[in-house]
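Descriptive analysis of the structure
Residues per chain, in single letters:
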Amino acid sequence: MPFRPSHRQLEYLVTLGETGHFGEAAKRCNVSQPTLSVQVALLEKQLGVTLMDRMPGHVVPTPIGAEIIKAAKVILNGLDEVRALATGSKGNLGGAIRLGVAPSFGPYFLPYLLPPLHRQYPELKLYIREDRPRQLEKAVLQGETDCGLGPLPAVDDGFVSQQICRERIFLGVPKAHRLAAFESIPTEDLKGERLLTLGAGHRLMDEVRRLADVSGATLAEEYEGSSLDAIRQMVSIEMGLSLFPELYVRSEFGKEDGIKLLTIDGWEGVRDIGFFWRQSSARGNHFQALAGLGRAVADRIFSPDQIK
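Parameters at a glance
- Residues numbered from 1 in each chain as written.
- Predicted model: local features only at pLDDT ≥ 70, side-chain atom pairs only at ≥ 80, totals over all residues.
- Heavy atoms only, no water.
- Helix = DSSP H or I, 4+ residues; strand = E, 2+ residues; numbered from the N terminus.
- Buried < 20%, exposed > 50% of the residue type's maximum accessible area, 1.4 Å probe, protein only.
- Contact = heavy atoms within 4.5 Å.
- Disulfide = S-S within 2.5 Å.
- Pairing = 2+ DSSP bridges.
- Right-handed = clockwise from strand over helix to strand, strands pointing away.
- Phe/Tyr/Trp six-rings, centres within 6.5 Å; stacked < 30°, edge-to-face > 60°.
- Salt bridge = Lys/Arg side-chain N within 4 Å of Asp/Glu carboxyl O.
- Axes fitted to C-alpha atoms, helices over the stretch in contact; angles between N-to-C directions.
- Parallel < 35°, antiparallel > 145°, perpendicular 65-115°, else oblique.
- Left-handed = near helix turned anticlockwise from the far one by under 90°.
- Nonpolar A, V, L, I, M, F, W, Y, C, P; charged D, E, K, R; others polar.
- Core = buried A, V, L, I, M, F, W, Y, C linked by side-chain atoms within 4.5 Å.

Thoughts on the environment of A71
- Here A71 lies in helix α4 (residues 63-87).
- The class of A71 is partly exposed, set by a relative accessible area of 39%.

Digging into the environment of A180
- Structurally, A180 is set in the loop between β6 (159-174) and β7 (184-186).
- On the basis of relative accessibility, which here comes to 12%, the residue A180 falls in the buried class.
- Placed 80 residues apart in sequence, A180 and K260 show a C-alpha to C-alpha distance of 5.9 Å.
- Setting aside residues up to four positions removed in sequence, A180 forms contacts with V173, P174, K175 and K260.

Description of the state of the cysteines
- For the structure shown, the criterion picks out zero disulfides.
- With no disulfide of its own, C147 has C165 as its nearest cysteine by sulfur position, at a separation of 14 Å.
- On the basis of relative accessibility, which here comes to 0%, the residue C147 falls in the buried class.
- A relative accessible area of 8% means that C165 is categorised as buried.

Observations regarding the pairing of strand β3 (residues 96-101)
- Sheet topology note: the β3/strand β4 (residues 125-130) ladder contains six bridges and is parallel. Following the sheet pairing, A96 is matched in β4 by K125.
- After leaving β3, the chain enters helix α5 (residues 106-120) and then returns to the sheet as β4, a path that is right-handed.

A short note on the packing of aromatic side chains
- Enumeration according to the criterion identifies seven aromatic pairs in this entry.
- Taking 5.4 Å as the distance between ring centres and 90° as the angle between the ring planes, the aromatic pair formed by F159 and F276 counts as edge-to-face. Within this pair, whereas F159 is found in strand β6, its partner F276 is found in strand β12 (residues 270-278), the two being separated by 117 residues in sequence.
- A centroid spacing of 6.1 Å and a plane angle of 15° characterise the contact between F244 and Y248, whose relative ring orientation is stacked.
- By relative accessible area, which is 0% here, F244 ends up buried.
- Taking relative accessible area as the criterion, Y248 reaches 0% and is therefore assigned buried.
- Taken together, Y108, F244, Y248 and F253 form an aromatic cluster joined through their ring pairs.

A word on the side chain of Q9
- Relative to the elements of secondary structure, Q9 occurs in helix α1 (residues 7-19).
- For Q9, a relative accessible area of 5% gives the class buried.
- The residues touching Q9, leaving out its near neighbours within four places in the chain, are F3, Q39, L42, L43 and Q46.

Focus: unusual backbone geometry
- At L93, a residue that is not glycine, the phi angle is positive and equals roughly 55°.
- Of note, L93 is situated in the loop between α4 and β3.
- You can call L93 buried: its relative accessible area is 6%.
- For E238, which is not a glycine, the phi torsion comes out positive at approximately 65°.
- Its place among the elements puts E238 in the loop between α8 (228-236) and β10 (242-245).

Considering the pattern of salt bridges
- By the definition in use, this model includes 22 salt bridges.
- The network of salt bridges with common partners includes K73, R129, D131 and E144.

Here we look at the packing of α5 against helix α10 (residues 284-301)
- Between α5 and α10, the least distance of the axes is 10 Å, while the angle of their chain directions is 130°. Judged by the inter-axis angle, α5 sits oblique to α10. You can see that α5 and α10 cross each other, and the crossing is right-handed. When α5 is examined against α10, the residues F109, Y112, L113, P116, L117 and Q120 are found in contact with a partner set consisting of L290, L293, G294, V297, A298, R300 and I301.
- Tallied by class, the residues present in the contact of α5 with α10 amount to 10 nonpolar, two polar and one charged.

Quick notes on the nonpolar core
- Of all hydrophobic cores here, the largest spans 61 residues; its most connected members are F109 and F275.
- Residue contributions to this core peak at seven residues, all from α10.
- The contact partners of F109, leaving out residues within four places of it in the chain, are L149, I164, L247, G294, V297, A298 and I301.
- Core analysis: the next-biggest nonpolar cluster, separate from the first, contains 18 residues, F22, A26, L51 and M52 among them.

Below, the structure written as structure tokens:
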């Protein structure tokens, strides 16, 4: 039978890659440093490749080591899924879910989702990670995160996705701006206007770029907002215009009196929101149940009423 690394060896290797230090990795794995060092060296010998470059005071993965660490994370996550499936019969969605959320949606939706989720699955432990959508997608595919919540991936290659709502996107303009006199404007009225956006990795940035392309507006390349709050403040002091998703508007714009929200004729200002996970995940039933609850919650909080 060909050699197969043990799960312990893979855990040691992954932890060593994360910490860059044998002593810290051993501490995290609750073993002695010699034990961890010997096992990593044995793994390298058995595989016939050098996985870690050893330097004074720290180590870094070699190129092949980095690839093997990625694969090891997926394998270890699969073992965790086996354990979760074994406990899933208790009706707690496997006992724990590492949920990644997009910052432009998750913080405004989770306060609605978490109370009914806790009532329905009181033993479920939910570990929440907030990150840019593209980073979340990468984390899900690599097994670092179980499931993502936010704008659905542009392509479903490698993912299973369940949409829970379609969220409207509004144009925010300063109240002193010439366009603030209108409730809705055609795209050509934005020609030459300056659009502010979140940084790379946010799918809302793609929407701003798309709007700039079709309207003739310019993208403020010299400034990329770190959050919707930052963008909102920039718009309020007349540094440009920007797009704001519906749930953020509902959560935050009650406090804001310096911005007027508009719709744009001839431009589909919407984005699809949902849960997504790896096609290869053995926990699809858990995530389907989570998405079903999320859809029920979204149906309650999103209404066709126009935001004032």
